[in-house]
Each structure stands twice: as structure tokens, then as C-alpha cells.
Amino acid sequence: VSAERLRLEVRGPAEVIVELPAGGGPGGEQPLSAAGGTNDPPPATHLLRQPPADSAAGRLHVEVVVDGWRFEVVAEEAHRAALRERAARAAAAHHAGGHATVRAQIPGRVTRLWVSEGEHVEQGQRLLAIEAMKMENEIRAPRAGVVERLAVAEGALVELNDELLIVGEPAAAVAPPGAERP
Amino acid sequence: VSRRQASRQVSLRKDSTDGPPFAKVLVANRGEIARRLIRACHELGCATVAVYSDADADALHVAEAGERVRIGPPPPSASYLSVAAIIDAARGTGATAIHPGYGFLSEQPALAEACAAAGIVFVGPRPRTLAELGNKLAARAAAAKVGVPTVPGTLGAVTVGMGEGSAARGSATDALQRQADGVGYPLLIKAAAGGGGRGMRRVDDPAELVGAAVAASNEAAAAFGDGAIYIERYVERARHVEVQLLGDELGTIVALGERDCSIQRRHQKLVEEAPAPGLDAGQRRRLHGLGVEVARAVGLLNAATAEFLLTPSGEFWFLEVNARLQVEHGVTELVSGVDLVHEQLWLAAGRPLSPAVMAAAERAAEPVRHAIEARISAEDPAHDFGPAPGLISRWRPPAAENLRVDDGVAAGSLVSTHYDPLLAKLMAVGPDRATALARLAGALADFEIGGVQTTLPFHRWLLEQPGFAAAIDLSTDFVARAWQPAPLAAVAALSAAEAVAAAWPVLHAQSEAERPTADGGSAWWRDGLAAEIEERLR
């Protein structure tokens with residue numbers, strides 16, 4: 001039986017996308033632990049099945065902990081992944097530009113706001129800081145554009161995935177300031 | 001059940017013949033330390049009251065206490081830092097003592113004073129001791145006065161001349177620069193009211209001095225309501241050592257040995273061990289003596305820890321006193337055989353130091369065991385130990401003789417960002433350091449945690465470092481110098497991909513078999529948590 005190829009997207013403390021044969025190596029003889037030197041003890045690897053994060057059939061979400069490093073791995077057959085991506089690219093082409101909603105990746109308190117509504121920001125520019133677990137996390141602009149909506153104020157408590165602000169089209173691409181303001 | 005076991009254990013204690021130290025103790029904390037305190041209270045036959053914020057309604061410490069009182073919403077300022085709410089909870093339940101644990105209100109004179117006013121015993125030092133030690137400059141001055149060497153630096157606050165006329169600001173800047181030149185570079189600017197690395201700045205270049213001083217002062221003013229700062233010399237390759245102290249109402253103060261806490265990042269401890277490696281009995285006696293001197297100077301009652309720098313040339317320089325139970329007290333317990341929380345409760349009840357404590361203090365300079373602790377926190381060690389909140393999907397701590405796990409969570413616990421990310425303290429003990437380290441390494445390999453990234457991989461790496469294993473490269477900058485997580489995480493990421501590929505036939509067949517079921521949701525997850533995770537993290 002020839003092994004099918006899988007596409008594995010690994011997210012976590014290090015991120016990688018690789019294609020590997022299903023069943024572990026050409027012979028499919030490898031155990032769950034990763035290949036290591038023959039005298040090395042196998043790393044402590046634990047697989048935890050995750051609930052499906054999307055409805056796409058054939059995509060498996062697995063939490064894997066290797067030597068204490070925790071990853072979320074999305075696995076699917078490589079040919080299906082290629083098909084899906086082609087479709088996604090086609091769809092994205094229709095939505096180029098538009099608005100980017102910046103959401104809280106971590107719950108916490110907004111400690112600083114560096115931008116205000118109507119301000120133009122460059123990609124990667126600091127937008128605001130969220131303090132969580134005594135640490136300040138800077139949120140940066142995912143793309144260049146104008147801050148269309150600011151949904152939080154300094155001191156606000158935000159939950160995971162809360163909308164923080166929306167970065168719209170760059171100023172040159174929209175109507176003159178004020179023209180379409182409600 | 002635990003009550004019956006507790007009373008049996010109590011009957012073995014000589015000093016418990018006339019009942020527990022307190023009828024009922026309120027534990028004003030959360031997480032692993034609240035559980036550890038509640039356990040200790042039950043062992044002595046004290047009833048317990050837990051307090052909790054809305055974020056902790058389902059927390060383990062709440063379930064394990066005899067009674068529980070909600071004290072407010074999740075932000076600490078509205079709950080665990082609310083003196084009024086905690087005093088009300090104690091009054092309402094008839095608790096006769098409050099144990100503050102560490103952090104939160106443990107070193108705030110306000111809680112200790114409010115306890116005194118309400119006729120409740122505060123398990124800790126006297127309010128004026130807390131007030132004096134809370135100001136690090138005052139603590140430095142107190143130490144210097146009794147001849148304990150402090151880290152070279154200013155003994156008073158330095159001014160940065162903000163908000164004054166330009167002439168005054170200019171002369172203040174000149175004075176600051178002169179003081180800094182006197183201390184020498186590199187130096188540290190510290191907040192007098194500081195803690196946990198806040199309001200602290202390292203300055204290598206005189207040109208950065210004024211900017212750093214202003215920034216540190218502003219940060220301190222924002223965090224502590226006090227912008228006073230001072231300057232200390234930054235000691236390269238120094239170790240952090242600290243002395244465990246106990247004091248009774250008669251004024252007897254003893255040292256129960258020292259700990260080495262040099263493995264830190266950003267002034268937060270990651271690993272602690274007792275005793276400090278490489279010291280001889282003479283050095284230990286000297287260090288313990290310095291700790292006792294400082295404690296005596298501030299009239300210490302109950303438990304505290306005096307922190308020192310150990311310089312490469314072998315000098316002990318006093319840093320500060322933490323007037324409370326330390327996070328890392330467990331390693332001292334494993335080495336000394338003394339239960340520090342039991343002793344805290346007896347001391348708070350007015351008992352003198354017990355013969356067992358005095359004997360342990362006698363032996364403290366020549367320890368016959370070694371213990372080491374790894375702090376297991378919900379942090380990503382590959383990304384500067386940033387917070388890694390989430391829902392714990394698997395929690396399987398190792399269990400073995402010579403191991404101790406003080407944990408505050410279980411599978412299903414939500415790690416929120418409101419509080420400290422410490423999940424557990426994993427401790428190992430042995431007749432010598434090598435044995436303790438080997439046991440800790442085994443325990444780390446056996447510890448299974450799912451759902452959140454933790455500091456486990458850092459600890460596994462640390463124990464493999466020859467410089468650490470041989471205790472020849474211990475210093476507070478070790479982690480910053482040597483921890484290179486990217487290659488380790490990258491190798492692990494590939495291993496994770498390989499593991500899933502290897503398991504694909506089984507996983508895929510399983511998922512195909514499960515897919516048609518109507519009640520799919522919870523069947524997906526081995527521990528039956530899928531629905532909850534989706535709901536809470538989505």
C-alpha cells in the first residue's frame with residue numbers, strides 16, 4: 001500500500017508547514033514518537049485529539065505536546081489541501097483591499113492607544129497595547145490604511161477575539177475625509 | 001475524611017495538645033498557594049474559609065475549603081486586593097485569622113492594620129515591619145545600620161527633577177549624574193516601592209541615565225503610587241541567594257537555611273533550590289547570620305526571607321526582605337523537615353518557636369538533603385515567556401516518592417489573564433544535588449499538560465546544561481545568556497508533524513467513524529471537553 005502524502009500545518013511556539021507520508025515514513029513503521037538518534041530516549045510526545053475547528057471534511061486537528069512544547073497540528077491529504085487553497089486564493093482575489101478587523105488575540109486590559117480614528121497607519125505600526133498577566137503586548141497594524149473604527153478606549157477590558165479596531169482603505173483610495181462620515 | 005486524617009496527624013504533634021492554633025482561618029489568596037494553605041490548616045485542625053473572584057468560582061481552592069465567600073469580579077483590584085471585602089468575609093464567617101499567602105495583600109500594611117482593628121489575627125509580620133520593609137530604601141538603611149553589607153548604591157532616593165524649573169532640573173540632573181558616577185556603571189535604577197522587576201532599569205551608558213531614571217520613576221509612580229527611585233551597582237555574574245527566617249513574639253529569630261534562585265528571567269524566578277550549591281558551612285553560617293541581623297533590625301515576627309546577591313568574589317550583599325511566605329518555601333521544607341505554614345500559624349497564635357524549629361535551625365548550615373523546584377507556568381518560553389492563557393485539557397502531574405507537586409489547576413481549569421500564570425510548583429528532593437536534579441528531570445518528562453503552553457520545555461533544557469548541572473554557571477543572567485529556544489521549538493514542531501503523520505491512519509479512521517454521530521461534540525475529545533473548550537475559547 002503506497003502511503004498518501006499529508007500536508008501538516010504546525011502552529012505553536014514554532015510554526016512550520018510540511019508534507020509527509022501518512023503512517024510515518026516510507027515504510028510506515030515509525031512509532032508515534034519522532035525519529036531521533038538511536039541511543040536517544042524518544043521525546044515525550046502526547047497526542048490529544050481536538051474538536052474540528054472547521055467543517056471541512058478530512059481535516060484533522062490534533063494537539064501535540066513534544067517535550068513540553070505544545071502545538072496544534074492541522075493535517076489533511078496534500079492533494080485536498082492544494083485544491084482548497086486554490087479555491088481560497090480565487091475567493092481572496094475578490095476581496096483585496098477592504099477592511100481588516102483587528103481582534104484581541106489575548107484577553108486583558110488596554111493600557112495604551114497610539115492611534116485615533118481617522119489616522120493613517122502603516123503596516124506593522126503600533127496600534128495599542130494590551131496588558132495581560134503583568135505583560136504588555138503590542139498590537140500592530142496588519143496592513144496600511146485608515147483607522148475607521150476604534151472599538152476600545154484606554155483602560156478597557158477585552159476578551160479573546162473582541163474587536164479592537166478596523167483598518168480600512170488607505171486614505172488615497174477613499175473619498176475625501178468627512179465626505180461619507182455618518 | 002480529610003478532617004479525620006488531619007486530627008490523627010495533629011495528635012502526633014507535641015505542640016497541638018491543647019487544640020489547633022485557630023478555630024477558623026480565612027485564606028486570602030487563590031491558586032496553588034491557597035490550596036497549600038488550606039491543606040496546612042486542615043492538618044492542624046483549623047476550619048477554613050476560601051475567598052474567590054467570579055473568575056475562580058469553580059477553582060479547586062474554593063471547593064477544598066470548608067466555607068467560601070465571593071469577594072468580587074475578576075480584576076484583582078476589585079477582589080483579591082480588596083481589604084474591605086476580605087475583612088467582611090472574615091467577619092461574616094467568624095474566621096479568627098487571615099493567612100494572606102504571597103503576592104496580593106501579603107505585604108500590604110493595610111490588610112494587617114485592618115485585621116488588628118477588626119480583632120482578627122494577621123498571619124505575618126507586624127504592620128510597621130511591613131511598612132518599613134515595603135520601602136526598599138528603608139530596608140537598605142536598616143540593614144546598613146546594623147552593619148549588614150548592602151549592594152553598593154545610594155542609601156537615599158535620587159531625584160530626577162521633574163516638573164521643576166529648568167535651573168532646578170539642571171542641578172538635579174547634575175546631582176543624579178554625580179551619584180551615578182559614584183556608584184559606577186553598569187547600574188540598576190530601582191523603585192523604592194518596587195517589586196517584580198517593575199520600575200527597574202539597567203543603565204550601561206551614562207548618556208542613558210537621565211532618560212532611564214525618568215522612565216523608571218514614572219513606571220514606579222504608576223504601578224505603586226510612589227515615584228521614589230534609587231541606584232544600585234549592577235553586579236555581573238552575581239547569584240541570588242536568600243535566607244528563610246522565622247521569628248516569634250519573644251524576639252527569637254532563626255534562619256532555616258538558604259535558597260539559590262539565580263535562574264530567573266526579567267527578575268522573575270524560574271527555578272529555586274536549597275541549599276545554595278557550592279557554599280561551605282562557614283559561608284552558610286555567615287549568610288544565615290546576616291539574614292537574622294536584618295530580621296532583628298526590623299523586629300521580624302512570623303516568616304520572611306532576606307534576599308542577597310552573592311558576588312563572584314564571594315561577598316553577600318543585602319538586597320531586600322520579603323515579609324511573607326515565599327513562592328519557593330517548599331524546597332526549604334523538603335530540606336529542613338519543617339512545615340513553614342504550620343509554623344506560621346503557631347507563631348501567629350503567639351507560640352514561641354518550637355524545639356523542632358530550633359533544632360532545624362541548628363542543622364541549617366550543614367544540610368543533608370537537597371531540593372529543587374521548577375515553576376510550571378502558563379507561558380511560552382519560546383516567546384520571551386509571554387502569557388499563554390487557555391483551557392487546560394490535560395493535567396497529569398507526576399507522582400512519586402521524593403517528589404512534591406503544589407498545583408492549583410486540573411483538567412478543565414481555565415487559565416485566565418487576570419492572575420499570575422503559575423500553575424504548579426514541581427519539587428524533587430534527594431540526599432544530594434545530583435539525585436534531586438535527576439529526580440526532577442524524570443518528573444518533568446512524566447508531567448503531561450495539554451491545552452496551554454507551559455515552561456516545561458525550558459526546565460527540561462535547563463537540567464541538561466552542563467554549567468547548571470555542575471552548578472558552576474549559576475548567575476541571574478544565565479537565562480538571558482544561554483536560553484536559545486528557537487532551534488529547540490523548531491525541532492519539536494517537526495516532531496509534532498511527524499507524530500501526527502505517523503498516527504494519521506488511526507486518527508483518520510477514528511474521525512471517519514465518529515463523524516456521522518449526531519451527538520459528535522463531546523465524543524471527539526478523549527477527556528470529553530470539546531464542547532466546553534469550543535464554547536469558552538471561541
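Calculation criteria
- Residues numbered from 1 in each chain as written.
- Chains lettered and ligands numbered in written order.
- Predicted model: local features only at pLDDT ≥ 70, side-chain atom pairs only at ≥ 80, totals over all residues.
- Heavy atoms only, no water.
- Phe/Tyr/Trp six-rings, centres within 6.5 Å; stacked < 30°, edge-to-face > 60°.
- Helix = DSSP H or I, 4+ residues; strand = E, 2+ residues; numbered from the N terminus.
- Buried < 20%, exposed > 50% of the residue type's maximum accessible area, 1.4 Å probe, protein only.
- Lys NZ or Arg CZ within 6 Å of the ring centre and 35° of its normal.
- pLDDT = per-residue confidence, 0-100.
- Contact = heavy atoms within 4.5 Å.
- Pairing = 2+ DSSP bridges.
- Axes fitted to C-alpha atoms, helices over the stretch in contact; angles between N-to-C directions.
- Core = buried A, V, L, I, M, F, W, Y, C linked by side-chain atoms within 4.5 Å.

Residue and element names in this part refer to chain B. Applying the stated criterion across every chain, the model contains 12 aromatic pairs over all chains. Taking the centre distance of 5.5 Å and the plane angle of 80° together, the rings of Tyr80 and Tyr419 count as edge-to-face. Of this pair, Tyr80 sits in the loop between strand E3 (67-72) and helix H4 (83-93) while Tyr419 sits in the loop between strand E20 (414-415) and strand E21 (422-430), placing them 339 residues apart in sequence. For the residue pair Tyr80 and Tyr419, the accessibility class agrees, reading buried in each case. With a centroid separation of 5.7 Å and 40° between ring planes, the pair formed by Phe458 and Trp461 is classed as tilted. Taken together, the residues span about one helical turn, with Phe458 and Trp461 both in helix H15 (residues 456-464) at a distance of 3 residues. Positioned over the ring face of Tyr234 is Arg202, at 4.2 Å from the centre of the ring. The positively charged end of Arg433 is found above the aromatic ring belonging to Phe468, 4.8 Å away from the centroid.

A few words on the confidence of the model for chain A. Residues and elements named next belong to chain A. When the pLDDT values of chain A are averaged, the result is 76; 70% of them are 70 or greater. The element-level mean pLDDT for chain A is lowest in helix H1 (residues 78-94), coming to 73, with strand E1 (residues 5-11) highest at 94. Long-range and interchain partners of residues 26-41, a stretch whose pLDDT sits below 50, account for 20 contacts in this model, where long-range means more than four residues apart. Note on residues 174-182: pLDDT is under 50 here. Beyond four places in sequence and across chains, it has 3 contacts.

Tracing the sequence through the fold places His61(A) in strand E4 (residues 60-66). Along the sequence, His61(A) and Glu154(A) sit 93 residues apart, while their C-alpha atoms lie 36 Å from each other.

Let us look at the sheet that holds strand E7 (residues 201-203) of chain B. All names here are of chain B. Taken together, the 3 strands give an open sheet; going across it, the order is E7-E6-E8, and neighbouring strands pair in antiparallel fashion. Each end of this open sheet is capped by a strand with a single partner; those strands are E7 and strand E8 (229-233). Here the strands of the sheet are splayed against their neighbours by 30° on average, with no regard to which way each runs. Relative to E7, strand E6 (residues 187-191) runs antiparallel, the two sharing 3 bridges. Residue Ile189 lies in a different strand from E7, and its bridge partner there is Arg201. The sheet strands contacting helix H7 (residues 136-145) are E6 and E8, and the helix crosses E8 at an angle near 50°. Helix H9 (residues 209-224) rests against E6, E7 and E8 of the sheet, and its axis sits at about 25° to E6.

So, on to the nonpolar core. Leu8(A), Val64(A), Phe71(A), Ile263(B), Ile376(B), Phe458(B) and Phe468(B) are the most contacted members of the largest nonpolar core, which totals 62 residues. Among the elements that line this core, the one with the most residues is helix H18 (residues 485-514) of chain B, at 11 residues. Once residues within four sequence positions are removed from consideration, Phe458(B) is found in contact with Ile263(B), Leu270(B), Pro381(B), Phe385(B), Val479(B) and Trp483(B). Ranked by size, the runner-up nonpolar core spans 51 residues in total, among them Val62(B), Leu279(B), Leu300(B) and Ala306(B).

Moving on, we get to the side chain of Arg265(B). Residues and elements named next belong to chain B. By secondary structure assignment, the location of Arg265 is in strand E10 (residues 253-265). With relative accessibility at 10%, the residue Arg265 sits in the buried group. In this view, Arg265 contacts Leu270, Glu379, Phe385 and Val479; residues no more than four positions away in its chain are not counted.

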